[in-house]
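# Fold and contact review
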Amino acid sequence: MDDALGEELGAADEYTLTTFLSWASSLAMIFGGVVPYIPQYAEIRRTENAEGFSLYVCFALLIANTLRILFWFGRGFELPLLIQSVIMNIAMLAMIKLCVDVKNKTLITKVSKDRHFTAGASNLVHHTLRDFDLNFFWQWTDFQSYLECMLFVAAVGSASLYIFSPSYWFVEGLGLFAVLSESLLGVPQLLRNFKQKSTEGMSVKMVLMWTSGDTFKTCYFIVKKVPKQFPAGAIMQVIVDILIMGQVYFYRGKARHAVRQE
């Protein structure tokens with residue numbers, strides 16, 4: 001009887017541990033995606049300089065997570081992934097709001113120092129979504145334009161899902177496009193660094209957290225046996241993260257070498 005009681009207690013302990021680990025991994029999945037952007041957000045606020053951060057990272061994540069939310073309605077999967085997408089969208093909109101405010105403030109300050117400045121901020125050139133100018137797509141000077149753009153994407157996506165939801169290939173393609181969009185989120189930063197031949201202004205902590213988070217995410221997707229699109233996209237993200245870290249090592253090492261030569 002003692003043996004039977006011991007086995008029951010052992011099974012209960014094992015169940016409790018398994019439940020705890022499951023909840024812990026789910027919470028890490030929900031909030032872990034936002035954490036890497038906290039250092040970048042803090043750095044932009046501290047320096048009042050948003051030039052080192054590409055807003056196209058926010059664009060990629062907003063598109064990916066909006067499509068992932070739609071994919072959840074087309075083909076249900078892990079609830080934590082849905083909650084993560086909602087929280088990530090809120091966080092990316094907050095990042096955009098900060099960057100727009102900082103860039104506008106910097107531009108006003110720069111113009112105000114010009115000796116030919118006469119009419120204050122009214123002389124500044126503003127670009128909005130309603131200008132319908134592709135040359136300034138996702139480079140608008142007001143936060144409302146970014147919000148309207150994403151509301152439009154969500155509306156078109158929702159209508160499309162409603163019409164084509166019976167189609168297996170449409171729903172699966174929606175999920176694939178969502179994952180591919182997210183897997184390429186680091187590419188704008190990678191290209192920006194390459195173009196500037198520098199990683200100055202980019203938070204290295206953010207990229208390190210990207211790498212660790214994407215590695216955890218890959219393992220989570222494999223263990224939870226979610227749709228195959230998710231682990232494939234996560235592996236691509238890890239590869240891009242490693243390339244960006246390589247840029248940090250290369251460009252900063254090159255900068256130190258140039259300083260020594262001077």
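Details of the structure are given in the entry above.
Now for a quick tour of the structure. (Residues numbered from 1 in each chain as written. Predicted model: local features only at pLDDT ≥ 70, side-chain atom pairs only at ≥ 80, totals over all residues. Heavy atoms only, no water.)

### So, the overall build of the chain
Cut-off, in case you're wondering: Here a helix means four or more residues in a row that DSSP labels H or I, a strand means two or more in a row labelled E, and each is numbered from the N terminus. The classification of residues rests on relative accessible area computed with a 1.4 Å probe and restricted to protein chains. Under 20% of the type maximum is buried, over 50% is exposed, and intermediate values are partly exposed. Throughout, a residue-residue contact means that at least one pair of heavy atoms, one from each residue, lies within 4.5 Å. In this description, accessible areas are obtained by the Shrake-Rupley approach with a 1.4 Å probe, and a residue is regarded as covered only by the protein chains that are shown.
Scanning the chain from terminus to terminus reveals 9 helices and 0 strands. The secondary structure elements of the chain, listed N-terminal to C-terminal, are α-α-α-α-α-α-α-α-α. Burial statistics for the chain: of 262 residues in total, 39% are counted as buried. Here the contacts in the chain between residues at least 6 apart in sequence split such that 76% fall between residues at least 24 apart. A total of about 15,700 Å² of accessible surface is found on the chain, and carbon and sulfur atoms cover 67% of it.

### Quick notes on the pattern of salt bridges
The test is simple: The salt bridge criterion pairs a side-chain nitrogen of Lys or Arg with a carboxyl oxygen of Asp or Glu, the two atoms within 4 Å.
The final tally for this structure, using the stated rule, is 6 salt bridges. Arg75 serves as the salt-bridge partner of Glu172, at 2.8 Å between the closest nitrogen and oxygen. Taken together, the positions of Glu172 in helix H6 (residues 168-183) and Arg75 in the loop between helix H3 (55-74) and helix H4 (79-112) put the pair 97 residues apart, joining distant regions of the chain. In this structure Glu172 comes out as buried when scored by relative accessible area, which is 13%. Across the pair Arg130 and Glu148 runs a salt bridge whose closest N-O atoms are separated by 2.8 Å. One end of the pair, Arg130, is in the loop between H4 and helix H5 (143-164); the other, Glu148, is in helix H5, with 18 residues separating them in the sequence.

### A closer look at the packing of H3 against H5
Packed helices, taken two at a time, are described by the angle their axes make and the gap between the axes. Keep this limit in mind: Helix axes are fitted only over the stretch in contact, all axes being lines through C-alpha atoms; the angle between N-to-C directions runs from 0 to 180 degrees. Roughly parallel refers to an angle under 35 degrees, roughly antiparallel to one over 145, roughly perpendicular to one between 65 and 115, and oblique to any angle outside these ranges. By convention the crossing between two helices is left-handed if the near helix lies anticlockwise of the far one by an angle smaller than a right angle, and right-handed if it lies clockwise. Under the scheme applied here, ten amino acids are nonpolar (Ala, Val, Leu, Ile, Met, Phe, Trp, Tyr, Cys and Pro), four are charged (Asp, Glu, Lys and Arg), and all others, including Gly, are polar.
Contact pair H3 / H5: the axes reach a minimum separation of 10 Å and the direction vectors enclose 25 degrees. Taken together, the axes of H3 and H5 are roughly parallel relative to one another. For H3 against H5, the interelement crossing comes out right-handed. On H5, the residues that touch Leu55, Leu62, Ile63, Thr66, Leu70, Phe73 and Gly74 of H3 are Tyr146, Met150, Val153, Ala154, Gly157, Ser158 and Leu161. Its residues assigned to classes, the contact of H3 with H5 shows 10 nonpolar, 4 polar and no charged.

### Observations concerning the packing of aromatic side chains
As a reminder of what qualifies: Paired rings are identified among Phe, Tyr and Trp, the last through its six-membered ring, by centres lying within 6.5 Å, and are further divided according to the angle between planes into stacked (under 30 degrees), edge-to-face (over 60) and tilted (the rest).
Scanning the model with the defined rule gives 14 aromatic pairs in all. Centroid distance Trp140 to Tyr146: 5.1 Å. Interplanar angle 65 degrees. Geometry classified as edge-to-face. Of the residues examined, Tyr146 reaches a relative accessible area of 1% and is grouped as buried. One aromatic cluster in this structure is built from Phe59, Phe137, Trp138, Trp140 and Tyr146.

### Concerning the environment of Trp140
Threshold: Identification of polar contacts relies on pairs of N or O atoms within 3.5 Å, with a donor-acceptor requirement for protein atoms, meaning one able to donate a hydrogen and the other able to accept it, and with residues adjacent in sequence counted only if both atoms are side-chain atoms.
Mapping Trp140 onto the fold places it in the loop between H4 and H5. Along the chain, Trp140 and His127 lie 13 residues apart, while their C-alpha atoms are 4.9 Å from each other. Not counting chain neighbours up to four residues away, the residues in contact with Trp140 comprise Val100, His127, Thr128, Leu129, Ser145, Tyr146 and Cys149. Among the polar contacts listed, one links the side chain of Trp140 to the backbone oxygen of Phe136, at a separation of 3.3 Å.

### Focus: unusual backbone geometry
One non-glycine residue, Phe132, lies in positive phi territory at about 55 degrees. Along the polypeptide, Phe132 turns up in the loop between H4 and H5. With relative accessibility at 71%, the residue Phe132 sits in the exposed group. Look at Trp138: it is not a glycine, yet its phi comes out positive at around 60 degrees. Here Trp138 is to be found in the loop between H4 and H5.

### Some thoughts on the packing of H5 against H6
Here H5 crosses H6 at 150 degrees, and the two axes come no closer than 9 Å. Between H5 and H6, the crossing angle belongs to the class labelled roughly antiparallel. Regarding H5 and H6, the two cross each other, and that crossing is left-handed. When H5 is examined against H6, the residues Ser160, Leu161 and Phe164 are found in contact with a partner set consisting of Phe170, Val171 and Leu174.

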